[in-house]
Structures are given as structure tokens and as C-alpha cells.
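Each chain is listed here by its residues.
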Amino acid sequence: MKIGTPKEIFEGEARVAMTPESAKALQKLGHECMIEAGAGALAGFADAAYADAGVEVVKTAAALWKGADVVAKVRAPDASEMKRLREGQTLVSFFSPVADEANMKKAASKGATVVAMEMIPRISRAQKMDALSSMANIAGYRAVIEAGNNFGRFFTGQITAAGKVPPAKVLIVGAGVAGLAAIGTSTSLGAITYAFDVRPEVAEQVESMGAEFVYLDFEEEQQDGAATGGYASVSSPEFREAQLAKFREMAPEVDIVITTALIPNREAPEIWTPDMVAAMKPGSVIVDLAAEKGGNCKLTVMDEKIVTENGVTIIGYTDFPSRMAAQASTLYATNIRHLMTDLTPEKDGVINHNMEDDVIRGATIAHAKEVTFPPPPPKVAAIAVQAKKPAPKELTSEEKRSAEIAAFKQQTKNQVTLLAVGGALLLAVGLVAPASFMQHFIVFVLAVFVGFQVIWGVAHSLHTPLMAVTNAISSIIILGALMQIGSASFLVILLAALSIFMCGINIFGGFLVTRRMLAMFQKS
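Please read these numbers as outputs of a predicted model, since none were measured by experiment.

Q: Break down the pattern of salt bridges for me, citing the residues and quoting the values.
A: Using the criterion set out here, one finds 20 salt bridges in the structure. Here glutamate 21 ties to lysine 24 by a salt bridge, and the two come within 3.6 Å at their closest N and O atoms. Here lysine 24 and glutamate 21 lie together in helix α1 (residues 20-28), a separation of 3 residues that amounts to about one turn. Overall, the relative accessible area of 39% leaves lysine 24 in the partly exposed class. Salt-bridge contacts for arginine 122 lead to aspartate 130; the nearest nitrogen and oxygen are separated by 3.3 Å. Judged by its relative accessible area of 24%, arginine 122 falls in the partly exposed class. Salt bridges here are not isolated pairs; linked through shared partners, they connect Arg142, Glu146, Asp319 and Arg323.

Okay, structure coming up:
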């Protein structure tokens, strides 16, 4: 089949859905590739590069739509492109099935198949096709760069001859893909980074990246991420008030705020209110990544940068991925290539639109003259649900004391039982063994007992080669061998000498290894 990519007609859109590299991979699946002349120019991909990769460069969009069996785009088609969509053709692009229901029904009535890239299920197998995550990753990174471009100081703190520069304080609201990308960029630039998310399970990810997670003094049972496709769910009014109170407390201190909070198919929640903006210092910056859905700050103006009366810059750009067109196009084209790999399982250039496949079914919104949106929930959960362990019961001081006494009594009972059994065994052996044997045997048993108590009583974190169990055993053996080295029997002397030699290697080797380990922590 022929896969074609037209030039994006949305104003300001610089991305392209096919790159020369992705075209080579598509050809290995048995497909032919077409591209409209100039489609990749704004992303830095010349027509000559496509031609060298074996892609047919067509002059007009009309010729491309007419000749392509599969059309791969970035933006949703407009009215003129919908007219060119025909029966049996497959369209792969972002589509917004909720906001653009009319075009979805029109595509279904024409008999075309539409695969919406934002509808790719968030399951492990589909991560390589997750275009939303790819674009969110770029948006999070670019948001920090834009904030830095509009911020009047360094991100990292500096002490210079001219004076001391404090580090910037950055608050990132939302720790999804965009938020984590922003956290990584902010911390790498040296800023003091704070992050908040309504899902407390992401705190570990945030802290592992060097940021400080902002906790609320509020407990609420959050809906599991598996039920929401890995997204945050709607919070209660009480939780929202606690959240806003925390942000009001932080507003005068932070220099940069990056908001990424979005819930699928809903208007962006307001989390940074006008009074918070008024409380911020002059020169502070807000980057609102939810501007396209109304903004997390209601002062945000979509696609514009404004400065408030108190000198706070609010950036509401919606084209962050397009501002890094080459990188964004490479990632998006790779997402589409992976999707086409699933659609072409035999690698023979023939698409098999398997509606039993979780990924293909989830992303398909129109097929066989029917609207197939919304899809059924995937058979595989987005996030593995972990069984919650019941919280341990808080014991009173009296109950704790009773438990400690019971544990001590049980431990004493076990020790007395062990000593009684050991004594009985020694008595049984003494009844049949000669006195000379018993003398050595009792010394051996006592040595093992003392060694066990000494070595096992040391915490695992304190063990070194000098305190290993093998060295304790070697010490017991070498002492016994030294006592037997003066024996009249040649065989006993030989065995004792071999024991001393081998145990000596183990013991002195432990000293050498320990010395080398300690040397690793010494300054040269």
C-alpha cells in the first residue's frame, strides 16, 4: 500500500508525520511512501532527502490524497481535507473525537478508517506508539526553556566577585510525562525544583529526579491510575481547597510555575488563581501547558505571552512541540512507524486492521462505515493494580509493653529448649564416646556456639570481609589445626598444615580486600 504525508495546513504547524528515516522503515514493511513537496521543510527535512530515501515526492496535496491508501498527518484534517478523504482510505493523525464529532461521523459515513493518535491506549505494549507522551515530553522540556528565556536570572545559584545570585525556585504542577520532563530539565539547570501531583504514588519518581514533592496535609482515596488510563482523576472539593491553600502559601516564594494539569475530555482545571498571580514577585514566570483547554491559570491567553500589572509573565503557547519541529517530527514519525508495524504483521505491505487488538481497537474511531468511539476498556490495565495492605493497628503503650514481655518470654523459652536439647545430645554422645574425644568435642561445640552468637549478632550493613561467616569458620579451623600441628602422626600433621595454609589465605586475603575497599573512600 501507499502511505502518503501531506503538508500541514494548520497555521504555524512545522511538524511532519514522515521523516526520511521513518520512510525507510515503512518500506521494509512492504509499503510505498509518498510525500507532498515541501512538507518537511519547516522541520529541516528537504525534498531531496526524501527522494534519496526512496520516497515519491508529489507536487500537490490533491495528488497525494488521491494516490495514497494511508494518509499520515499531525493535525486533525480541516474541511477541505475531509472532502478529499475517500472510501477504503485510512487516516492516521491526531483527531479529537470528542470535540470534532461531526468530522468523525463524516469520515465513518464515507467508509474511511480513522486512527486517532491521541487515543492510543496507555498500556506497556503501546508505549512505542504513544504520540501524546512523545509530544508531552518535548512540551515539558520546552516549557522550562521558554521560562528561562523570560526569566531575568540564572536557574542555578552562583557566587561571583560581583555578588551572590540565589537559585531559581521552580514549581511544576502535574507529574505526568510533561511534568517529569520539566522536572528533569529544571533540576539539570540547577534550580530548586518542587513538584505537585494529585497522585501520591508519583512522589518517588519526582524525588528520584532531584525535585522535592509537595505533600498536602490531607488524605483522600484517589482513583487508581488503571481505571483512568494512567491519568489523574477528578479530586473532591475538599482536596481542591487544600491544594489551593498550599499553592497560595508557595506563590510568594516561587519564581517559575509550570502547570501541566489536564484531565482527558475535560476543560483544564483552574489551579493557579489570579490572587496567586498577584502574590508572585515581579519578574516571575508562569508557563501554562494547558492553555489549549482553557488554561490552569484563567489569566492565560492562548497562543500569547502577556505580562500582568505586577510584572508576572504568563506564557500560553500551544505549539511547544512545533517549536522543536525536527525532534518532534522524528518522535511522531517513529510512533506512526510502530503503529504501521502492528497494522502490517506479515510485512507484506497489506494492512490487517485487527479490531481484536487492544491498541488498534482503542485508537480506531471510525471503521467499516461505523463510528467506533468510544472504545471498550483495554483487556490489559494501564497500570498494574496493587493490593493495598491494611494499615497496621496503632498500639497503646500498655499493649506495646505486653507485646515486648510476651516476645521476651518466647525468646527465653526457645533458648532454654535449645540448650536442653543440646545438653541431652552431649550427654548421649558422652555415654558412648571416649573421654579424649569428648574434651575436643565440647571445645568445638562451644567455639561454634560463640562464633554463631558473635557473627549473627552483627547487622548485615556492617559486614565486611573481616567479619564474614567464612572467616569465623576459618578461625575455628586454624585454632584446631594449631593445636594438632605437634601430633605424633604424620597424617595429622599434614592435614593440620594444609588447614593452616588454606585458612591463612582466607583470613589474610580478607585483610587485603578490606584494605582495598577502605582505600576507595580515601582522598588521594
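Now that the structure is up, let's keep going.
Q: Give me the lowdown on the packing of aromatic side chains, citing residues and values where you can.
A: Tallied over the full model, the rule gives 6 aromatic pairs. Summarising the aromatic geometry, the rings of phenylalanine 247 and tryptophan 272 are spaced 5.7 Å apart at their centres and angled 40° between planes, so their arrangement reads as tilted. Of the two residues, phenylalanine 247 sits in helix α9 (residues 237-250) while tryptophan 272 sits in the loop between β12 (256-259) and α10 (274-279), which places them 25 residues apart along the sequence. For the pair phenylalanine 247 and tryptophan 272, a shared accessibility class is recorded, and that class is buried. For the ring pair tyrosine 317 and phenylalanine 320, a centre distance of 6.2 Å and an interplane angle of 55° mean the geometry is tilted. Here tyrosine 317 matches phenylalanine 320 in class, with each residue buried. Through a chain of ring-to-ring contacts, the aromatic side chains of Phe196, Phe247 and Trp272 assemble into a single cluster. Here the basic side chain of arginine 75 rests over the ring of phenylalanine 10, its NZ or CZ set 4.0 Å away from the ring centre.

Q: How would you summarise the nonpolar core if you had to cite specific residues and measurements?
A: Membership of the largest hydrophobic core comes to 41 residues, with the highest contact counts inside it found for Val55, Met117, Tyr332, Ile336, Leu339 and Met340. Of all the elements in the fold, those that place two or more residues in this core are α1, β2 (32-36), β4 (70-72), α6 (131-150), α11 (325-343) and α12 (358-363). The element contributing the most residues to this core is α11, with 7 residues. Once residues within four sequence positions are removed from consideration, valine 55 is found in contact with Met18, Ala23, Gln27, Cys33, Met34, Ile35 and Tyr50. In terms of nonpolar packing, the next biggest core, distinct from the first, is built from 30 residues, Ala195, Leu289, Ile315 and Phe320 among them.

Q: So what's going on with the sheet that holds strand β17 (residues 370-371)? Which residues, and what values?
A: Reading across from one edge, β3-β2-β1-β4-β5-β6-β16-β17 is the order of the 8 strands in this open sheet, with mixed pairing throughout. For this open sheet the edge positions go to β3 (56-58) and β17, each flanked by a neighbour on one side alone. The pairing of strand β6 (residues 113-116) with strand β16 (residues 364-367) spans 2 bridges and is classified as antiparallel. When the bridges of β16 are listed, valine 115 appears paired with threonine 364. Strands β1 (2-5), β4, β5 (90-93) and β6 of the sheet are contacted by α11, whose axis makes an angle of about 140° with β5.

Q: Run through the sheet that holds strand β15 (residues 313-315), naming residues and quoting values.
A: What holds strands together in a sheet is hydrogen bonding between their backbones, with the strands either parallel or antiparallel. Taken together, the 7 strands give an open sheet; going across it, the order is β11-β10-β9-β12-β13-β15-β14, and neighbouring strands pair in mixed fashion. Taken across any chain shown, the strands that pair with only one partner, and hence form the sheet edges, are β11 (212-213) and β14 (305-307). On the sheet, α6 packs against β12, β13 (285-288), β14 and β15 and is oriented at approximately 155° with respect to β13. Each of β9 (169-173), β10 (192-196) and β12 touches helix α7 (residues 177-188); the most contacted strand, β9, lies at about 170° to it.

Q: Give a detailed account of the confidence of the model for the protein chain, specifying residues and quantitative values.
A: Per-chain confidence: the protein chain averages 87 in pLDDT, with 87% of residues scoring 70 or above. When the criterion is pLDDT under 50, residues 223-228 qualifies, and its contacts beyond four places in sequence or with other chains add up to 12 contacts. Counting interchain partners and residues more than four positions distant, the pLDDT-below-50 stretch residues 382-389 has 12 contacts.

Q: Tell me about the packing of α6 against α11, and please be specific about residues and values.
A: Two elements in contact, α6 and α11, have axes separated by 9 Å at closest approach and are oriented at 165°. Between α6 and α11, the interaxial angle falls into the category roughly antiparallel. Taken as a pair, α6 and α11 cross one another with a handedness that is right-handed. Across the interface between the two elements, Ala131, Ser134, Met135 and Ile138 from α6 touch Gln327, Ala328, Leu331, Tyr332 and Asn335 from α11. Here the residues of the contact of α6 with α11 are counted per class, giving 6 nonpolar, 3 polar and no charged.

Q: Go over the side chain of threonine 372 with me, naming the residues and quoting the values.
A: Considering the arrangement of structural elements, one finds threonine 372 in the loop between β17 and α13 (397-432). Classification of threonine 372 as buried rests on a relative accessible area of 10%. Setting aside residues no more than four positions away along its own chain, threonine 372 makes contact with Met355, Arg361, Thr364, Ile365, Ala366 and His367.

Rules used throughout
- Residues numbered from 1 in each chain as written.
- Predicted model: local features only at pLDDT ≥ 70, side-chain atom pairs only at ≥ 80, totals over all residues.
- Heavy atoms only, no water.
- Salt bridge = Lys/Arg side-chain N within 4 Å of Asp/Glu carboxyl O.
- Helix = DSSP H or I, 4+ residues; strand = E, 2+ residues; numbered from the N terminus.
- Buried < 20%, exposed > 50% of the residue type's maximum accessible area, 1.4 Å probe, protein only.
- Phe/Tyr/Trp six-rings, centres within 6.5 Å; stacked < 30°, edge-to-face > 60°.
- Lys NZ or Arg CZ within 6 Å of the ring centre and 35° of its normal.
- Core = buried A, V, L, I, M, F, W, Y, C linked by side-chain atoms within 4.5 Å.
- Contact = heavy atoms within 4.5 Å.
- Pairing = 2+ DSSP bridges.
- Axes fitted to C-alpha atoms, helices over the stretch in contact; angles between N-to-C directions.
- pLDDT = per-residue confidence, 0-100.
- Parallel < 35°, antiparallel > 145°, perpendicular 65-115°, else oblique.
- Left-handed = near helix turned anticlockwise from the far one by under 90°.
- Nonpolar A, V, L, I, M, F, W, Y, C, P; charged D, E, K, R; others polar.

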